[in-house]
Amino acid sequence: MTLRPERGQTLASAPLEDLLTILLRQFKRPLASKGVTLTDADAAHIAAAIAANTPPDDQRRAIADALVALIAESEAVLAQWGLSFEQALDTPMDALPGWQTTAEFLELANEKSNAELRISAGAALLLALGDDRHASKLAFMVKRDPTDTDAQIAARMLTFAHERGE
């Protein structure tokens with residue numbers, strides 16, 4: 001998704017703590033599926049701790065471990081079509097095999113979109129938590145289309161990690 005100029009400016013200037021809180025809240029249900037319970041208050045507290053660069057605690061480590069698993073699951077979804085994350089971003093929905101009806105197409109499109117979003121947002125959160133194993137995906141997104149909403153988030157997390165000296 002390409003950003004309107006004001007939206008891109010908002011992501012570039014929004015307080016990091018607010019952006020992290022939103023990302024963490026988006027992962028409440030997926031994290032719960034991995035045994036990590038996160039309330040809105042927890043998300044805000046964790047975001048503040050990350051933004052303040054405080055040392056990780058057990059909850060943050062559990063979130064990072066769950067994100068690693070969620071990203072791997074999403075990569076497996078894309079792999080069923082023979083796609084890496086990077087390839088998936090450049091593959092149009094109608095190029096996916098295995099659909100004949102509109103309903104099947106919409107189901108596959110939703111599955112692909114969700115996998116891409118979980119990988120991009122998960123990689124951003126993981127980097128904010130101090131784990132850079134998927135940072136190359138974030139850099140790819142920024143290089144591919146710096147005006148994309150997810151790329152703007154990726155750029156913020158890459159900058160944050162760089163400023164922390166990672």
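1. Considerations on the pattern of salt bridges
Then step 1. Evaluated as defined, the whole model comprises eight salt bridges.
Then step 2. A salt bridge links D40 to R25, with the shortest nitrogen-to-oxygen separation between them at 3.6 Å. With D40 in helix 4 (residues 40-51) and R25 in helix 2 (residues 16-26), the pair connects residues that are 15 residues apart, well separated along the chain.
Then step 3. Judged by relative accessible area, which is 36%, D40 ranks as partly exposed.
Then step 4. Between E75 and K137 there is a salt bridge, with its nearest N and O atoms 3.0 Å apart. Placement of E75 in helix 5 (residues 58-79) and of K137 in helix 8 (residues 135-144) is noted, with a sequence separation of 62 residues between them.
Then step 5. When its relative accessible area of 27% is taken as the criterion, E75 is described as partly exposed.
Then step 6. Here the salt bridges do not stand alone but share partners, grouping R25, K28 and D40 into one network.

2. Overview of helix 5
Then step 1. Its 22 residues give helix 5 an end-to-end C-alpha distance of 31 Å, which sits within 8% of 32 Å, the value for a rise of 1.5 Å per residue.
Then step 2. When we look at burial in helix 5, the residues that qualify are R60, I63, A64, A66, L67, L70, I71, S74 and L78.
Then step 3. Summarising the contacts, the buried residues of helix 5 are in contact with helix 2, helix 3 (28-32), helix 4, helix 6 (85-89) and helix 7 (102-128).
Then step 4. Where helix 5 starts, the residue carrying a side-chain oxygen 3.2 Å from the main-chain nitrogen of Q59 turns out to be D57.

3. Some words on the nonpolar core
Then step 1. Within the largest apolar cluster, 46 residues are counted, with the highest numbers of intra-cluster contacts made by L20, L24, L31, I63, L67, L78 and M157.
Then step 2. Those elements that provide at least two residues to this core are helix 2, helix 4, helix 5, helix 6, helix 7, helix 8 and helix 9 (149-163).
Then step 3. Element by element, the count of residues in this core is highest for helix 7, at 10 residues.
Then step 4. Those residues in contact with L20 that sit more than four places away from it in its chain are A47, I50, A51, L125, A128 and M157.

4. Overview of the environment of R164
Then step 1. Positionally, R164 belongs in the segment after helix 9.
Then step 2. Between the C-alpha atoms of R164 and N53, which are 111 residues apart in sequence, the distance is 7.8 Å.
Then step 3. Leaving out residues up to four positions away in the same chain, R164 has contacts with I50, N53, L127, A128 and G130.

5. Considering the packing of helix 4 against helix 5
Then step 1. Running from N to C, helix 4 and helix 5 point in directions that differ by 100°, and their axes come no closer than 11 Å. With respect to each other, helix 4 and helix 5 are oriented roughly perpendicular. Residues D42, I46, A49 and I50 of helix 4 form the contact with helix 5, whose participating residues are Q59, R60 and I63.
Then step 2. When the residues that make up the contact of helix 4 with helix 5 are grouped by side-chain class, the tally is four nonpolar, one polar and two charged.

Definitions and limits used
- Residues numbered from 1 in each chain as written.
- Predicted model: local features only at pLDDT ≥ 70, side-chain atom pairs only at ≥ 80, totals over all residues.
- Heavy atoms only, no water.
- Salt bridge = Lys/Arg side-chain N within 4 Å of Asp/Glu carboxyl O.
- Helix = DSSP H or I, 4+ residues; strand = E, 2+ residues; numbered from the N terminus.
- Buried < 20%, exposed > 50% of the residue type's maximum accessible area, 1.4 Å probe, protein only.
- Expected span 1.5 Å × (residues − 1).
- Contact = heavy atoms within 4.5 Å.
- Polar contact = N/O pair within 3.5 Å; in protein donor to acceptor, adjacent residues only side chain to side chain.
- Core = buried A, V, L, I, M, F, W, Y, C linked by side-chain atoms within 4.5 Å.
- Axes fitted to C-alpha atoms, helices over the stretch in contact; angles between N-to-C directions.
- Parallel < 35°, antiparallel > 145°, perpendicular 65-115°, else oblique.
- Nonpolar A, V, L, I, M, F, W, Y, C, P; charged D, E, K, R; others polar.

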